[in-house]
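Next come the chains, spelled out residue by residue.
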Amino acid sequence: MRVVHVAGGLMMALALAGCQRTSSMDSVNTQQNIQPLEAQPIGTVSSSQLPDPTTDTSGQFPDKPTTDTAMATGTGAAGDTAAAAAGLDVKKEAMVGNWKVANGASSCDMFLTLTNLGSGSRGGTRGCAGELTAMGSWEVAGKQVVLKDRNGSPIARLYKTADTQFRGTTNSGQPVSLSR
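Residues numbered from 1 in each chain as written. Predicted model: local features only at pLDDT ≥ 70, side-chain atom pairs only at ≥ 80, totals over all residues. Heavy atoms only, no water.

Undergrad: Can you tell me about the overall build of the protein, naming the residues and giving the values?
TA: Across its full length, the protein carries four helices and eight strands. Along the protein, helices and strands appear, N-terminal first, in the series α-α-α-α-β-β-β-β-β-β-β-β. Within the protein, the fraction of its 180 residues that count as buried is 24%. Sequence-distant contacts in the protein: of pairs separated by 6 or more residues, those separated by 24 or more amount to 34%. (Helix = DSSP H or I, 4+ residues; strand = E, 2+ residues; numbered from the N terminus. Buried < 20%, exposed > 50% of the residue type's maximum accessible area, 1.4 Å probe, protein only. Contact = heavy atoms within 4.5 Å.)

Undergrad: Explain helix α1 (residues 2-17) residue by residue, including any values.
TA: The first and last C-alpha atoms of α1 sit 23 Å apart over 16 residues, in line with the 22 Å expected at 1.5 Å per residue. Among the 16 residues in α1, zero count as buried, and that is only a small part of the element. (Expected span 1.5 Å × (residues − 1).)

Undergrad: An account of the state of the cysteines is needed here, citing residue identities and associated values.
TA: One pass over the structure, following the stated rule, counts one disulfide. The disulfide that involves C108 links it to C128, with 1.8 Å between the sulfurs. Taking the sign of the S-S torsion, 75 degrees for the link of C108 and C128, the bridge is right-handed. With a gap of 20 residues between them, C108 in strand β2 (residues 106-117) and C128 in the loop between β3 (120-126) and β4 (135-141) connect regions that are remote in the sequence. Each of the two residues, C108 as well as C128, counts as buried. (Disulfide = S-S within 2.5 Å.)

Undergrad: Before we move on, could you go through the side chain of D149 and cite the residues and values that matter?
TA: Its location among the elements puts D149 in strand β5 (residues 144-149). No salt bridge is formed by the buried D149; its nearest oppositely charged neighbour, R150, is found at 7.9 Å. A distance of 2.8 Å separates the side chain of D149 from the backbone nitrogen of S153, its partner in a polar contact. (Lys, Arg positive; Asp, Glu negative; His and termini not counted. Salt bridge = Lys/Arg side-chain N within 4 Å of Asp/Glu carboxyl O. Polar contact = N/O pair within 3.5 Å; in protein donor to acceptor, adjacent residues only side chain to side chain.)

Below is the structure:
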């Protein structure tokens, strides 16, 4: 048994000897050699008086967005007024999920959630063309579903025509329909 202990001790000593620092590592420089930046010339500094804040600044800033009441109330084009009158009641919770979209001659997918985004709920499209590529949110306003772009401006309005069918138009007049 003593031979085993001696052999084990010898192996341990050899292993620890391998962990010692070698002299070849002493020549490695671990300090960063950062050179200071040279001063750069700057342009001239100018000063002027700020405009009076009580004066008219209407030319400085863009006008705030206006709410499209025709879009929100369904009083847009004549065809939309008829669709609004014949439209079925819409429940926001029933809209959530995946929809197949027919937009003119093309088709794509639309996803609607209940996650708040501005004044509406988050939504998006995949594979769509035209105005629907900019869709970022949606909301239910009365008997219509309003699709909005990422800035919150309406881009289309749809009315429920059956349990899983919605029809309407985009701002440019393109027909749009949703179905499951």
